[in-house]
Structures are given as C-alpha cells and as structure tokens.
Amino acid sequence: MRAVAARISDSMTRVIEGKLEVVQMAIAVLLAEGHLLIEDVPGVGKTMLAKSLARTIDCTVRRIQFTPDLLPSDITGVSVFNQDVRDFEFRPGAIFANVVVGDEINRASPKTQSALLESMEEGQVTVDGRTYELHRPFIVMATQNPIEMEGTYPLPEAQRDRFMARISMGYPSAASEVAMLDTHGGVPPLASLTPVTDAPTVARLIAVVRDVWASPAIRQYVVDLSTATRESSALRLGASPRATLHMLRAARAVAALDGRDHVLPDDVQQVAVPVLAHRLILSGEAQLSRRTAEDVLREILRRVPVAATRR
C-alpha cells in the first residue's frame, strides 16, 4: 500500500513542485472513492495536478473543458439511431473514464453541471431510461477559479456536496519556483511522466482503505464535528450526512497511506477542513466580520473534545 502510494506521490511531485501535502490529499481522495475540487487562481497548477495524477496511473483518462455551450449529452453520452441495425445505439460521453479531468467546471451552465450528479454519487449514467455503469476506479477532478466570476455559474450546494474535498494549490515557495524554472523551462513536464501503477492495483488499494478500522469513539468524534457545524451560530448551513461519511472515508485513506490499519483522531483533524469547508455557508454576521469557513472549522476543531480511543 505505502509503496504504491509513494511511487504515485514521487511521480507527481516531479511535476508539482513543493506541494507534497496537496499531492497526498489528492491521492487520499482517489483511494477513498471520492471526487476532488481544486480551487485557486489561474496559473498555480490546478490542471497540472489533475493531469499528473492521471498520467501516473495506467488507466482511461478523459479531459472535459467546461464552456457555456457544453451540453449534458457531451458528458453523459447520447443515443444515436443506427441505420444499419434500425435501432438506437448508445455512444458514451466523456464521463466514461477512470479519471475525468474537468477544467473550469463553473463555466458550464447549471444544466450541464447537473449531468455530473448521478455519475459522481452512484457511479452510473442513465440515458433514455437505460442505466450504464461507469469504469472503476472512478474519480472526477474538477478545477475552478474563485476570483474571476464573470461568465461563470457558481456550483450549487448539491453539486459541491458531491466533491469529497476541496483543496487550493497556493503559490509555490521561492525555492520551488526556481526549481520549476529549471524543470519546466524546456520539455513539457507531463511528457516525462510514465504510469507507475494501473487501475486494478488502485482498485485493490481502495478495497484496503475500506477495511481500515475506525473505533466507535472515532465515529462519534466525526459525528460530533458535523453536529458542531450545524449548531454553530457562525454558519447558516452545516455539514450534511454525506459530508460526515466523506470525512470518515478520507480519514481511513489518510491512515492507510500512513501505514496504519486504524484511524486516529489526527487523521480526522487532517481531513476535516478540506472535506467540510466547501460545503458550509457562513451566516451574515460571520461574513461581515470577514471570517471564512476554514476559520470557523478550526475553532470547532479546537472546541470539540476528542474521545478516548481504544483498539
């Protein structure tokens, strides 16, 4: 488990300079059977992160450039009448891949965004009354720019809730940026990446993550954190039950990547902010005081007690 994850991480960090924590979170979301939203300003490597993960796994990869004129059928697929057989046949859309890279997801219309809901939640697509199973493993890695909002359609709460975690790349350190000039100045960095594992191996790792043990105290701690967000006066909308489930699954993946077969409170605390922050809506008072969802979550993490855990 750790050896394969280390190979994936090492391969990705050859392209994503100085962002080991971001890379590891992306791997954890993949192994936790979640989907990842990468939100940051242009030019910091959002799409590069998604593509580098896709390149390190020998599996099917599709990239979708979200634009206002993109149709739902471009994503899910469409039934086309075949003159030869005198019947309709299904032509799969871009969602039929192990790794789906969605560039600037908030530039597509809400109707097109909603085409992702069933596939992200249930791993299937329904077209003309027929259901088609998607490939396994399956992850959607979508990017969006939170600064330039002209011509965009902000993701509704139901869509954001489908993403297990939201991460931000941030600017690199000076040393990492100098190293980037050396490594990225000539040949495109993705050209040098080769797969270090394959889809069946990733599927086996996902099965290992499912079996990571979480004690009753850990499960209660996860629920207590979600409950605290619902009761917080700084939040108008707290974490959903789906968010609670995602937090535990992400904590299991982090524990497995650390070589453990059980979840610790530290694992839950490590994933709490990226898993919960994008699902929360601040109250008017919190917005006026310039607080962020991350600030509120860190206060909750400090306040909610950690129950004693025993194996």
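Above this text you will find the structure in question.
Colleague: It is not clear to me how the overall build of the protein should be interpreted in this structure. Could you clarify?
Modeller: Counting its secondary structure elements, the protein contains 14 helices and 13 strands. C-alpha atoms of the protein, sized along the principal axes, occupy 65 × 45 × 45 Å. Counting the 311 residues in the protein, one finds 52% classified as buried. A separation of at least 24 residues holds for 77% of the contacts in the protein among residues at least 6 apart in sequence. About 15000 Å² of surface is accessible on the protein, with carbon and sulfur atoms providing 52% of the total.

Colleague: Help me understand the packing of aromatic side chains, please; the structure alone is not making it clear to me.
Modeller: Here the structure, examined in full by the defined rule, presents 3 aromatic pairs. Here Phe90 and Phe96 contribute two aromatic rings whose centre-to-centre distance is 5.7 Å and whose plane-to-plane angle is 65°, an arrangement assigned as edge-to-face. The exposure classification of Phe90 matches that of Phe96, with both residues buried. On the basis of an interplanar angle of 10° and a centroid distance of 4.0 Å, the ring pair of Phe90 and Tyr132 is categorised as stacked. Separated by 42 residues along the polypeptide, Phe90 in strand 5 (residues 87-92) and Tyr132 in strand 8 (residues 130-133) bring together distant segments of the chain.

Colleague: Explain the environment of Leu20 here, please?
Modeller: Its location among the elements puts Leu20 in helix 2 (residues 20-31). Setting aside chain neighbours within four positions, we find Leu20 in contact with Ser9 and Thr13.

Colleague: What's the story with the sheet that holds strand 3 (residues 61-65) in this structure? I'm lost.
Modeller: Sheets are built from strands that pair by backbone hydrogen bonding, the pairs being arranged parallel or antiparallel. With parallel pairing, the 5 strands of this open sheet are ordered in space as 3-6-9-1-10. Two strands close off the open sheet at either side, each with one partner strand: strand 3 and strand 10 (165-167). Between one strand axis and the next, the sheet turns by 15° as a mean value, whatever way the strands run. One ladder, built from 4 bridges, connects strand 1 (residues 36-39) with strand 9 (residues 139-144); its direction is parallel. The residue of strand 9 that forms the bridge with Leu36 is Met141. Along the sheet face, helix 2 touches strand 1, strand 9 and strand 10 and points at about 165° away from the line of strand 10.

Colleague: What exactly am I supposed to notice about the environment of Thr183 here?
Modeller: Mapped onto the elements, Thr183 comes out in helix 8 (residues 174-184). Taking the relative accessible area as the measure of exposure, Thr183 reaches 41% and is therefore partly exposed.

Colleague: It is not clear to me how the side chain of Asn145 should be interpreted in this structure. Could you clarify?
Modeller: With respect to the helices, strands and loops of the structure, Asn145 is situated in the loop between strand 9 and helix 7 (157-160). Ignoring any residue separated from it by four or fewer positions in sequence, one finds Asn145 in contact with Asp40, Val41, Pro42 and Asn106.

Colleague: Can you help me understand helix 9 (residues 199-210) in this one?
Modeller: Given 3.6 residues per helical turn, the α-helix brings residues three or four places apart onto the same face. Helix length check: helix 9, at 12 residues, gives a terminal C-alpha distance of 17 Å against a target of 16 Å (1.5 Å per residue), a fit within 8%. Buried within helix 9 are the following residues: Ala199, Thr201, Val202, Leu205, Ile206 and Val209. For helix 9, the arc enclosing every buried residue in end-on projection is 155°, short of the 170-degree limit, so these residues lie on one face. Exposed and facing more than 90 degrees away from the buried side of helix 9 are Arg204 and Arg210. For helix 9, the elements touching its buried residues are helix 1 (2-13), helix 2, strand 2 (57-58), strand 11 (197-198) and helix 11 (241-257).

Conventions adopted
- Residues numbered from 1 in each chain as written.
- Predicted model: local features only at pLDDT ≥ 70, side-chain atom pairs only at ≥ 80, totals over all residues.
- Heavy atoms only, no water.
- Helix = DSSP H or I, 4+ residues; strand = E, 2+ residues; numbered from the N terminus.
- Buried < 20%, exposed > 50% of the residue type's maximum accessible area, 1.4 Å probe, protein only.
- Contact = heavy atoms within 4.5 Å.
- Areas by Shrake-Rupley, 256 points an atom, 1.4 Å probe, with all protein chains shown as cover.
- Phe/Tyr/Trp six-rings, centres within 6.5 Å; stacked < 30°, edge-to-face > 60°.
- Pairing = 2+ DSSP bridges.
- Axes fitted to C-alpha atoms, helices over the stretch in contact; angles between N-to-C directions.
- Expected span 1.5 Å × (residues − 1).
- Arc of directions from axis to C-beta.

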